[in-house]
Amino acid sequence: MTVPTPTSAPPLGRVLTAMVTPFDDQGAVDYDAAARLATYLVDHGHDGVLVSGTTGESPTTSNEEKTQLLRAVIEAVGDRVPVMAGVGTNETAHTIHLAEEAEKAGAQSLLVVTPYYNKPPQASLIAHFTAVADATGLPNVLYDIPGRSGVPIETDTLKRLAEHERIVGVKDAKADFQAGAEVIATTGLSYYSGDDGLDLPWLSVGAVGKIGVASHALGEQYAALWEAGLAGDLTKAQQINARLLPAVNVVMHRSSQGAIRAKAAMQLLGVIDSRATRLPLLPASDDEVEELRKVLGAAGADV
């Protein structure tokens, strides 16, 4: 595989954020705020967005909310950047339904997470991902995150799945760089860093971009990191990364699970009105917001 250059951006985008889903103070999805958020992201360094990923609290939104949310984002930015829809669940039939609805709504690609909790063996993963990829005409990106799903997608499994014409990429939150490098070198799969703190090592082994969380407030900084790294300016990329890491550590702290503080960051920036979450998540505290203000400002965000 040829490593992309800054002028050959991958078709699904290079710097994407897994958007939070804004709620109002009564717990309803705020679709107008979602449209504003998507517009903000595209205006600030992103060349793609992901709707209804885990950071979008997808386990607690209904099928109808997911579809309406996707339509609101596509209407806002779909003529400017590719819009990816998270459709993965731990039930194949449900995932297929969400994939079909996302295609009807106009999504340009799908993110499909490893089925969680039921811990399927590798043969079952092949059957699951193949069935989902067969269900639509959209490109599929597999989300490998064993810390949440309980099961990794093994290297041989990824090689098998890469033979499917619509399985085109991997969002990696497994952090096995040797395994990832092998898959990149032997298949046509495009790798995306799924951990904001690991973009540099993923870039070094041939990843094409990132799908982030802390990048909500730091999209331009991450775009600069990837541009520098792909241009061969490792020193500049390292310097940017060093400035970003304190913010990543705060946003992705285990007490946040990403979504909580990313949503608070967007309220802090005035992009969304409320940092409300749905149970089982609780919103960020005022103290957490003040900590965010400090680290995001130090990383270059306009707070």
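Residues numbered from 1 in each chain as written. Predicted model: local features only at pLDDT ≥ 70, side-chain atom pairs only at ≥ 80, totals over all residues. Heavy atoms only, no water.

**With respect to the pairing of strand E4 (residues 109-113)**
Both faces of the sheet carry side chains from a regular strand, because those side chains alternate between them.
Point 1. By the criterion of burial, E4 is predominantly enclosed, with five of the five residues buried.
Point 2. Burial along E4 is two-sided: the face carrying Ser109, Leu111 and Val113 and the face carrying Leu110 and Val112 are both buried.
Point 3. Sheet topology places strand E3 (residues 83-86) next to E4; three bridges connect them, and they run parallel. Note that in E4 the partner of Met84 across the bridge is Ser109.
Point 4. Crossover handedness for the path E3 to helix H3 (residues 92-105) to E4: right-handed.
Point 5. Taken together, the four bridges between E4 and strand E5 (residues 140-144) define a ladder with parallel strand orientation. Among the inter-strand pairings, Leu110 is bridged to a residue of E5, identified as Asn140.
Point 6. In the classification by handedness, the crossover that spans E4, the intervening helix H4 (residues 122-135) and the parallel E5 is right-handed. (Buried < 20%, exposed > 50% of the residue type's maximum accessible area, 1.4 Å probe, protein only. Helix = DSSP H or I, 4+ residues; strand = E, 2+ residues; numbered from the N terminus. Pairing = 2+ DSSP bridges. Right-handed = clockwise from strand over helix to strand, strands pointing away.)

**Some details on the UniProt feature "site: Part of a proton relay during catalysis" (unreviewed entry) in the protein**
Point 1. According to UniProt, the "site: Part of a proton relay during catalysis" (unreviewed entry) feature falls on Thr54 and Tyr117.
Point 2. Note on placement: Thr54 falls in the loop between strand E2 (48-51) and helix H2 (63-77).
Point 3. If we ignore the near neighbours within four places in the chain, the residues touching Thr54 are Tyr143 and Arg148.
Point 4. Among the secondary structure elements, Tyr117 is positioned in the loop between E4 and H4.
Point 5. The residues contacting Tyr117, other than those within four sequence positions of it, are Asn90 and Ser149. (UniProt positions renumbered as here; feature names shortened; annotations may be inferred. Contact = heavy atoms within 4.5 Å.)

**Focus: the packing of H2 against H3**
Point 1. The contact between H2 and H3 brings their axes to 10 Å, and the two run at 30 degrees. Taken as axis vectors, H2 and H3 run roughly parallel relative to one another. Once H2 is placed against H3, the crossing between them reads as right-handed. Along its contact with H2, which presents Asn63, Lys66, Thr67, Leu70, Arg71 and Ile74, the element H3 presents His94, His97, Leu98, Glu101, Ala102 and Ala105. (Axes fitted to C-alpha atoms, helices over the stretch in contact; angles between N-to-C directions. Parallel < 35°, antiparallel > 145°, perpendicular 65-115°, else oblique. Left-handed = near helix turned anticlockwise from the far one by under 90°.)

**Quick look at the side chain of Arg166**
Point 1. Within the element layout of this structure, Arg166 appears in the loop between helix H6 (155-161) and strand E6 (167-172).
Point 2. At 3.1 Å, the side chain of Arg166 forms a polar contact with the side chain of Glu165. (Polar contact = N/O pair within 3.5 Å; in protein donor to acceptor, adjacent residues only side chain to side chain.)

**Describing helix H12 (residues 286-299)**
Point 1. Taking 1.5 Å as the rise per residue, H12 with 14 residues should run 20 Å; its terminal C-alpha atoms sit 20 Å apart, in good agreement.
Point 2. For H12, every residue scored as buried is listed here: Glu288, Val289, Leu292, Val295, Leu296 and Ala299. Seen end-on, H12 carries its buried residues on one side only, within an arc spanning 135 degrees. Among the exposed residues of H12, those oriented more than 90 degrees off its buried face are Asp286, Asp287, Lys294 and Ala298.
Point 3. Considering only its buried residues, H12 is in contact with helix H9 (219-230), helix H10 (234-251) and helix H11 (259-268). (Expected span 1.5 Å × (residues − 1). Arc of directions from axis to C-beta.)

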